[in-house]
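# Fold and contact review
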Amino acid sequence: MDLARQIRENLLVVNEKIAAAATRSGRNFEDIQLIAVTKGQPIEVIQAAISTGIRNFGENYPEESLPKIMECREQGVKWHMIGHLQSRKARLVCEHFDWMHSLDSLRLAEKMERQLAQNGRSLPVLLQFNVGGEESKSGWLANDENSWPALVAEIGQILQFPHLQIKGLMTMPPLTVSPQEARAYFHKLVNLRDYLSRQFPEAVWQELSMGTSSDFESAVEEGATFVRIGTGILGPRPARM
Ligand SMILES: *Cc1c(COP(=O)(O)O)cnc(C)c1O
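Residues numbered from 1 in each chain as written. Predicted model: local features only at pLDDT ≥ 70, side-chain atom pairs only at ≥ 80, totals over all residues. Heavy atoms only, no water.

## Some details on the site of the ligand
Around the ligand sit Val37, Lys39, Asn60, Ile82, Met172, Thr212, Ser213, Arg228, Ile229, Gly230, Thr231 and Arg237, and that is every residue in its neighbourhood. In this structure, an oxygen atom belonging to the ligand sits 2.7 Å away from a side-chain N or O atom of asparagine 60. Contact distances for the ligand include 2.4 Å between an oxygen atom and a side-chain N or O atom of serine 213. Contact with the protein chains covers 87% of the free accessible surface of the ligand, which is 390 Å². Among the detected pockets, the ligand sits in the largest pocket. In the shell around the ligand, the residues fall into 4 nonpolar, 5 polar and 3 charged. (Near = heavy atom within 4 Å. Polar contact = N/O pair within 3.5 Å; in protein donor to acceptor, adjacent residues only side chain to side chain. Areas by Shrake-Rupley, 256 points an atom, 1.4 Å probe, with all protein chains shown as cover. 1 Å grid on protein atoms, 1.4 Å probe; cavity = no way out; pocket = protein on both sides within 12 Å on 5 of 7 lines; lining within 4 Å. Sits in = over half its atoms within 2 Å of the grid points. Nonpolar A, V, L, I, M, F, W, Y, C, P; charged D, E, K, R; others polar.)

Right, here's the structure in full:
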């Protein structure tokens, strides 16, 4: 089947599931933004997705995404960085992306703030937390609620940076868990958001970026405002070269 038609069909199914999950939890479909995750996907897939009306794309690797971003200029596309970002690549994201979902250290925040100030630009940012506690995951370690007070000083510093517009939180649950188990992690991120909004009531904590192809319905039921869906809309990723 042609690529655009396949993507359109997948998108319809995903949107129906998002709408149903929103209804089940008393939320509005309009409050949930879908990000199509295009890491590993070639430009043809992105163009096909654009032809179905998708305008928000998520990428994990700045170098890989740059040619795609250049190719899609003038098409009203928004780019979301969702992968771990090494500070030495901060410039690429500060110059070319519209959202940063994966801010995970004070060091990176400082680097991005300096770069954005230089460029005279500000960027909407989400703070990434590791609520599953796995060693390998990026994000501030936040699986144990007793550790939350220790995060406050650093988050407070980041909130002071004028060019980083902190908008909320992001997480990626452990890969091995079922959608039902993932729900507990999403719930923990909501609790952490509520905790941070009590610590910093003047800041904005509205956005929650959580849920992928395998668990976005649980994420929406728990309060996701961004879902990041790759394979469920675009099909399998080509093998990495
Ligand atoms: C790859 C990726 C996704 C999308 O995963 P799918 O299983 O393809 O939906 C979402 N979020 C992050 C951070 C990713 O790296």
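Don't stop here, the text continues.
## Considering the pattern of salt bridges
Applying the stated criterion to the full structure yields 9 salt bridges. The salt bridge involving lysine 68 is made with glutamate 64; its shortest N-O contact spans 2.8 Å. One end of the pair is lysine 68 and the other is glutamate 64, both in helix 3 (residues 62–71) and 4 residues apart, which spans about a single turn. (Salt bridge = Lys/Arg side-chain N within 4 Å of Asp/Glu carboxyl O. Helix = DSSP H or I, 4+ residues; strand = E, 2+ residues; numbered from the N terminus.)

## Some remarks on helix 1 (residues 3–24)
When the terminal C-alpha atoms of helix 1 are compared, their 32 Å separation across 22 residues agrees well with the 32 Å that a helix rising 1.5 Å per residue should span. Here helix 1 has its buried residues at Ala4, Ile7, Asn10, Leu11, Val14, Ile18, Ala21 and Ala22. Looking straight down helix 1, one finds that the buried residues subtend no more than 125° of arc, so they occupy a single side. For helix 1, the exposed residues lying more than 90 degrees away from the buried face are Leu12, Glu16, Thr23 and Arg24. Structurally, helix 1 contributes buried residues whose contacts are with strand 1 (33–37), helix 2 (43–51), helix 8 (216–222), strand 9 (226–229) and helix 9 (231–234). N-cap assignment for helix 1: the residue whose side-chain oxygen lies 2.9 Å from the backbone N of alanine 4 is aspartate 2. Just beyond helix 1, the residue with positive phi is glycine 26, at close to 70°. (Expected span 1.5 Å × (residues − 1). Buried < 20%, exposed > 50% of the residue type's maximum accessible area, 1.4 Å probe, protein only. Arc of directions from axis to C-beta. Contact = heavy atoms within 4.5 Å.)

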